[in-house]
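# Survey of secondary and tertiary structure
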Amino acid sequence: MKQVSTTINGQKYVGNAEPRTLLVYFLRDELGLTGTHIGCVVGKCGACSIIVDGKVVKSCMMFANQAEGADILTVEGLAQGSKLHPIQEAFWENHGLQCGYCTPGMLMASYYLLKENPKPTEEEIRRGIAGNLCMCTGYVNIVKAIKAASEKMQAGGQSQK
Amino acid sequence: MFTLFNMIPRAFEYYAPASVSEALSLLQKYGDESKVLAGGQSLVPLMKLRLVSPAHIIDIGRIPGLSYIKEEDNKIRIGALTTHHEVETSPVVKSKCMVLSEAESHVGDQQVRNRGTIGGSACHADPAADVPSVLVALDAEFKMTGSSGDRVVDARNFFQDIFTTDLRQNEILAEITVPALPPRSGSTYLKFERGAGDFAIVAVAAAVTLDQAGVCQDVRLGLAGVESIPLRALKAEEALKGKKPDDNAILEAAARASEQSKPSSDIRGSAEYKKEMVKVFVKRALKTALSRVS
Ligand SMILES: Cc1cc2nc3c(=O)[nH]c(=O)nc-3n(C[C@H](O)[C@H](O)[C@H](O)COP(=O)(O)OP(=O)(O)OC[C@H]3O[C@@H](n4cnc5c(N)ncnc54)[C@H](O)[C@@H]3O)c2cc1C
Ligand code: FES
Ligand code: FES
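Residues numbered from 1 in each chain as written. Chains lettered and ligands numbered in written order. Predicted model: local features only at pLDDT ≥ 70, side-chain atom pairs only at ≥ 80, totals over all residues. Heavy atoms only, no water.

## Describing the packing of helix H2 (residues 86-93) of chain A against helix H5 (residues 140-155) of chain A
In helix packing, the relevant descriptors are the interaxial angle and the interaxial distance, both defined with respect to the helix axes. Residue and element names in this part refer to chain A. To keep it simple, the criterion reads: Helix axes are fitted only over the stretch in contact, all axes being lines through C-alpha atoms; the angle between N-to-C directions runs from 0 to 180 degrees. Counting from the N terminus, the helices are the DSSP runs of H or I reaching at least four residues and the strands are the DSSP runs of E reaching at least two. Should an angle lie under 35 degrees it is considered roughly parallel, over 145 roughly antiparallel, and from 65 to 115 roughly perpendicular; all remaining angles are considered oblique. What makes a crossing left-handed is the near helix being turned counterclockwise from the far one by less than a right angle; a clockwise turn instead makes it right-handed. In this analysis, two residues are considered to be in contact whenever any of their non-hydrogen atoms come within 4.5 Å of each other. When residue character is reported, Ala, Val, Leu, Ile, Met, Phe, Trp, Tyr, Cys and Pro are called nonpolar, Asp, Glu, Lys and Arg charged, and the others, Gly included, polar.
Contact geometry for H2 and H5: axes closest at 8 Å, N-to-C directions at 135°. The angle between H2 and H5 falls in the class oblique. The hand of the H2/H5 crossing is right-handed. Residues Pro-86, Ile-87, Glu-89, Ala-90, Phe-91 and Glu-93 of H2 touch H5, and the partners they reach there are Ile-142, Ala-145, Ile-146, Ala-148, Ala-149, Lys-152 and Met-153. Per-class residue counts for the contact of H2 with H5 are ten nonpolar, no polar and three charged.

Here is the structure:
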């Protein structure tokens, strides 16, 4: 066991992880942050996507030890109290989810996409979420939601955290 | 199929050396029992499937000074830990080596490109991967650092067999150098794939340089997915060198590239089909590269 300390959603977290423990299990089982989902565990579905040091990554493709000292944003960090993040609002309003399994990962991929490219075209949106699979929606409403989020954030002059 | 596997790697010891020399002494100490970890986008899956089970993992991912892109003397020097995303979006790479930027843009998805490194792709040496075929086409140079110093080999000697390179167990790949393409060059990377994030069925890296009269001064063709190593299609290059790149010359080059390819049949297609696709995609890639000559 090794001690791993990270900053998650602006808060310090310290926990123990075996070298072979994947970051996603560390977040969920050791730290109790179960917002991040586990789907395939082989890097194909994107359900486990989180932001590590400003970049979206799949947390099943990293060992917890590799995140020592990292600054992490998970889906739990998007809303401010009861105020949803504009991306979350847009997913809600545009039916960008059905069962919700893929949603935490989709939100984090969208968050990164809009940070890098605040006004993406439909093609750029589709490319941005290419690593995130959704079994329910057929993606149409997800793409719509990301478009709407982009507009909301432009209009609100909302600079992301 | 996933549930058939135990997705937890065998237990191992983890080290995060702060410098190259510290990493080298760990490699020396643990020998064949140890393995370098960079972005982990190839190694972590292999460990989960227990196809690779090193007792000691040496994480070089946070060693400073191994991630950079520098243009020098008509060359672009890229630190081994530079991520796919960083290479893809580098203005220098885009303007002087479009084929590499385009190949990087096809690697997996944004999450994979944010963690996976150019050096990791090279060392993993998957013959169907995107970056190695470009490195072979451009005859990139690989700088490896060991406890007895640095050595440099070219792509021809670096890629030796499927998943096998010239890198020694006690060395780290430090840098990859590609040429900045000269004026009047055009290049492209064309990937034929089943869907986003998959490896290529076949892919073509093409770069051409014309002289003032429009004659091919230099032609570079690299192929992915057609051999046990990324293939440099030298005979196809010869079909164009010193000639005007008209339709006949392009078709001859495409036919030779297809002849030289020895793909195997797998879930992505039969060998025969892939050979045919090499012909189609070499032709298209050459036309695109030529249309970009400026
Ligand atoms: C979902 C998914 C989709 C993908 N799709 C594609 C694709 O479409 N096309 C494609 O080309 N690739 C694809 N990849 C693979 C990706 O390109 C990897 O990033 C790359 O192959 C490995 O780079 P890495 O830094 O992650 O290396 P790691 O996984 O850390 O290491 C790979 C190997 O190289 C060795 N190594 C790494 N760096 C060094 C170094 N500096 N010195 C010595 N040894 C080193 C390691 O010991 C290991 O053996 C995909 C991966 C995933 C997970
Ligand atoms: S659980 Fe990580 S990509 Fe599927
Ligand atoms: S909403 Fe069910 S998987 Fe996407």
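Still more to cover.
## With respect to the pattern of salt bridges
All names here are of chain B. Threshold: Definition used for salt bridges: Asp or Glu carboxyl oxygen within 4 Å of a side-chain nitrogen of Lys or Arg.
In total, this model carries 30 salt bridges over all chains according to the counting rule given. Ionic pairing is found between Arg-77 and Glu-72, a salt bridge with its closest N-O pair at 2.8 Å. Here Asp-247 makes a salt bridge to Lys-287, at a shortest N to O gap of 3.6 Å. Remark: Lys-287 occurs in helix H12 (residues 271-291) and Asp-247 occurs in helix H11 (residues 247-260); sequence separation between them is 40 residues.

## Looking at the domain arrangement of chain A
Residue and element names in this part refer to chain A. Our working definition: Note that the domain bounds reflect an automated or database-derived domain assignment. Two parts lose some accessible area (1.4 Å probe) when they are put together, and adding that loss for both gives the buried area. Polar contacts, as used here, are pairs of N or O atoms within 3.5 Å; protein pairs need one atom able to donate a hydrogen and one able to accept it. Residues neighboring in sequence count only if both atoms are side-chain atoms.
Segmentation of chain A into domains returns domain 1 (2-77) and domain 2 (86-154). Distance between the C-alpha centres of domain 1 and domain 2: 21 Å. At the interface, 18 residues of domain 1 touch 14 residues of domain 2. Of the roughly 1200 Å² buried between domain 1 and domain 2, counting both surfaces, carbon and sulfur atoms make up 63%. Together, His-37, Val-56 and Val-75 form the three largest contributors to the area buried by domain 1 at its contact with domain 2, with a combined 33%. Viewed at the interface, domain 2 and domain 1 are joined by zero salt bridges. Summed over the shared surface of domain 1 and domain 2, the number is six residue pairs in polar contact (both at pLDDT 80 or more). Here the residues of the side of domain 1 that touches domain 2 are counted per class, giving eight nonpolar, seven polar and three charged.

## Structural notes on the packing of aromatic side chains
All names here are of chain B. The condition that has to hold: Stacked, tilted and edge-to-face pairs are distinguished by plane angle, under 30 degrees for stacked and over 60 for edge-to-face with tilted covering the rest, among Phe, Tyr and Trp rings (Trp via its six-membered ring) whose centres lie within 6.5 Å. In this scheme, Lys NZ or Arg CZ marks a charge over a ring once it lies within 6 Å of the ring centre and within 35 degrees of the ring normal.
Counted according to the given criterion, the structure contains seven aromatic pairs over all chains. Feature note: the residues Phe-142, Phe-158 and Phe-159 constitute an aromatic cluster, connected by ring pairs. Here Lys-70 stacks its cationic end above the ring of Tyr-68, 4.5 Å away from the centre of that ring. We note Arg-284 situated over the ring of Phe-281; from NZ or CZ to the ring centre the distance is 5.0 Å.

## Concerning the environment of Arg-220 of chain B
Residue and element names in this part refer to chain B. Considering the arrangement of structural elements, one finds Arg-220 in strand S13 (residues 216-224). Along the sequence, Arg-220 and Lys-241 sit 21 residues apart, while their C-alpha atoms lie 9.7 Å from each other. Separated by 2.9 Å, the side chain of Arg-220 and the backbone oxygen of Ala-137 make a polar contact.

## Here we look at the side chain of Lys-274 of chain B
Put simply, the test is: Whether a residue is buried, partly exposed or exposed follows from its accessible area with a 1.4 Å probe, protein chains only, as a fraction of its type maximum: under 20%, in between, or over 50%, in that order.
Among the structural elements, Lys-274 of chain B can be located in helix H12. Judged by its relative accessible area of 3%, Lys-274 of chain B is buried.

## Points about the interface of chain B and chain A
Counting residues at the interface gives 31 residues for chain B, matched by 28 residues for chain A. For the pairing of chain B and chain A, the buried interface totals around 2600 Å² over both sides, and the portion due to carbon and sulfur atoms is 55%. The largest per-residue losses of area from chain B upon contact with chain A belong to Tyr-14, Gln-110 and Gln-111 of chain B, which jointly make up 24% of the total buried on that side. Counting the contacts that link chain B with chain A gives two salt bridges. The closest approach of N and O atoms between Asp-109 of chain B and Lys-58 of chain A, which form a salt bridge, is 2.7 Å. Counting the contacts that link chain B with chain A gives 18 residue pairs in polar contact (both at pLDDT 80 or more). Of all the elements in the fold, those that place two or more residues in the side of chain B that touches chain A are helix H2 (43-48), helix H3 (84-89) and helix H6 (110-115) of chain B. Of all the elements, H6 of chain B adds the most residues to the side of chain B that touches chain A, at six residues. For the side of chain B that touches chain A, the residue count by class is 14 nonpolar, eight polar and nine charged.

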